[in-house]
Amino acid sequence: MSTRTAVITGASSGIGAATARRLAAEGYRVVLTARRGDRIEALAAELTAAGHKAVAHELDVTDRAAVTAFGAFLDAFPAVDVLINNAGGALGADPVATADPTDWRTMYEVNVLGTLNVTQALLPRLRTAPDGGTVLIVSSTAGLATYEGGGGYVAAKYGAHAMAETLRLELCGEPVRVVEIAPGMVKTEGFAVTRFRGDEEKAAAVYAGVAEPLTAEDIADTVAWAVTRPPHVNVDLLVVRPRAQAANRKVHREL
Ligand code: NJP
């Protein structure tokens, strides 16, 4: 079997980096993208040194022209088999009454339009993948149920969820499957720190007393499982939470 190629957005940290490592270990050629070029270059070098196939391509998913150029860059590859739309995140935890619309716009830009941009650019290649293509969207449990302070993040992830559902309907009959992974609480390097704009104390409080939040590797594991099913098997939606989290705000804490 020839080497399959997986493109991963937001591969510079957290779930994206773990997914890149995991898919490389599964034998995929991984194309790592993110805005922080130094990080993805370092990860690609690490994977290459370990005998895997990895390349880095700096990319802001909200920059539509850059994403289009990225699609052309991928023409050099024999095929594009898998797209992992992982770039995203939250900004702020303000109530709807007082939230900053700039934050809402930024979250919509990256979580929804970023995913749209990359999916549109890569779909022609995914359609011609030898064993069929896979579009995977890392959404969130925040895209399936709301919570106070979830605000613009909830709205954006509902958008990502709606896009996954709609795209699956529209591609029915074509050799491309659409998979959605909706994680609950995952303790990653960047998520909470970004949400609270670098306030490490507030970020740490998100996970306070939670014995075992999910790790980036846990989500990478579910991504790898979903994309390595036989091509006719479409895992529509996987909701993955830590055992200590029964719902978005129902979290067992040992404080
Ligand atoms: O977060 P973090 P996670 N263009 O901050 C990239 C969802 N999720 O791994 O550009 C391109 O470590 C950024 O790269 P850089 C979450 O919503 C998480 O936890 O270099 N890339 C970085 O690699 C998100 O969709 C939790 O700054 C952009 C990555 O995104 C995904 O999981 C729970 C970008 C973020 O890595 C990964 O989050 C949940 C742009 N414009 C859903 N903007 C959780 N952790 O609890 C950002 O339900 N990135």
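Because the structure is a prediction, the values reported are computed rather than measured.

**Student:** Quick question: what am I supposed to make of helix H1 (residues 14–25) here?
**Tutor:** Every α-helical turn comprises 3.6 residues, leaving residues that sit three or four positions apart pointing alike. For H1, which comprises twelve residues, the first-to-last C-alpha distance of 17 Å matches the rise-based estimate of 16 Å (1.5 Å per residue) to within 8%. Counting buried positions along H1 gives nine out of twelve residues, so the element sits mostly inside the fold. Buried positions along H1 lie against strand S1 (5–9), strand S2 (29–34), helix H2 (37–49), strand S4 (82–85) and helix H8 (216–227). Phi turns positive one or two residues past the end of H1, at Gly27, with a value near 100°.

**Student:** Help me understand the site of the ligand, please; the structure alone is not making it clear to me.
**Tutor:** In the region of the ligand, 31 residues are neighbours, and Ser13, Arg35, Ser140, Pro183 and Thr188 sit closest. Between the ligand and the protein, one listed contact pairs an oxygen atom with a side-chain N or O atom of Arg36 at 2.8 Å. The contact in question runs from an oxygen atom of the ligand to an N or O atom on the side chain of Thr188, over 2.7 Å. Burial of the ligand by the surrounding chains reaches 94%, relative to a free accessible area of 880 Å². Of all elements in the fold, only H1 and helix H5 (151–171) reach the threshold of two or more residues within the shell around the ligand. Grouping the constituent residues of the shell around the ligand by class yields 13 nonpolar, 14 polar and four charged.

**Student:** Help me understand the sheet that holds S2 in this model?
**Tutor:** To summarise the sheet geometry, strands pair through backbone hydrogen bonds and adopt either a parallel or an antiparallel arrangement. Taking strand neighbours across the sheet as the criterion, the seven strands line up as S3-S2-S1-S4-S5-S6-S7 in an open arrangement whose pairing is parallel. In this open sheet, the two strands that pair with only one neighbour each are strand S3 (54–58) and strand S7 (237–240). Averaged over all adjacent pairs, the angle separating strand axes in this sheet is 15°, with direction ignored. Note: S1 against S2, five bridges, orientation parallel. Among the inter-strand pairings, Thr5 is bridged to a residue of S2, identified as Arg29. Taken strand by strand, H8 contacts S4, strand S5 (133–138), strand S6 (176–183) and S7, and its axis lies near 160° from that of S6.

Reading the values: the criteria
- Residues numbered from 1 in each chain as written.
- Predicted model: local features only at pLDDT ≥ 70, side-chain atom pairs only at ≥ 80, totals over all residues.
- Heavy atoms only, no water.
- Helix = DSSP H or I, 4+ residues; strand = E, 2+ residues; numbered from the N terminus.
- Expected span 1.5 Å × (residues − 1).
- Buried < 20%, exposed > 50% of the residue type's maximum accessible area, 1.4 Å probe, protein only.
- Contact = heavy atoms within 4.5 Å.
- Near = heavy atom within 4 Å.
- Polar contact = N/O pair within 3.5 Å; in protein donor to acceptor, adjacent residues only side chain to side chain.
- Areas by Shrake-Rupley, 256 points an atom, 1.4 Å probe, with all protein chains shown as cover.
- Nonpolar A, V, L, I, M, F, W, Y, C, P; charged D, E, K, R; others polar.
- Pairing = 2+ DSSP bridges.
- Axes fitted to C-alpha atoms, helices over the stretch in contact; angles between N-to-C directions.

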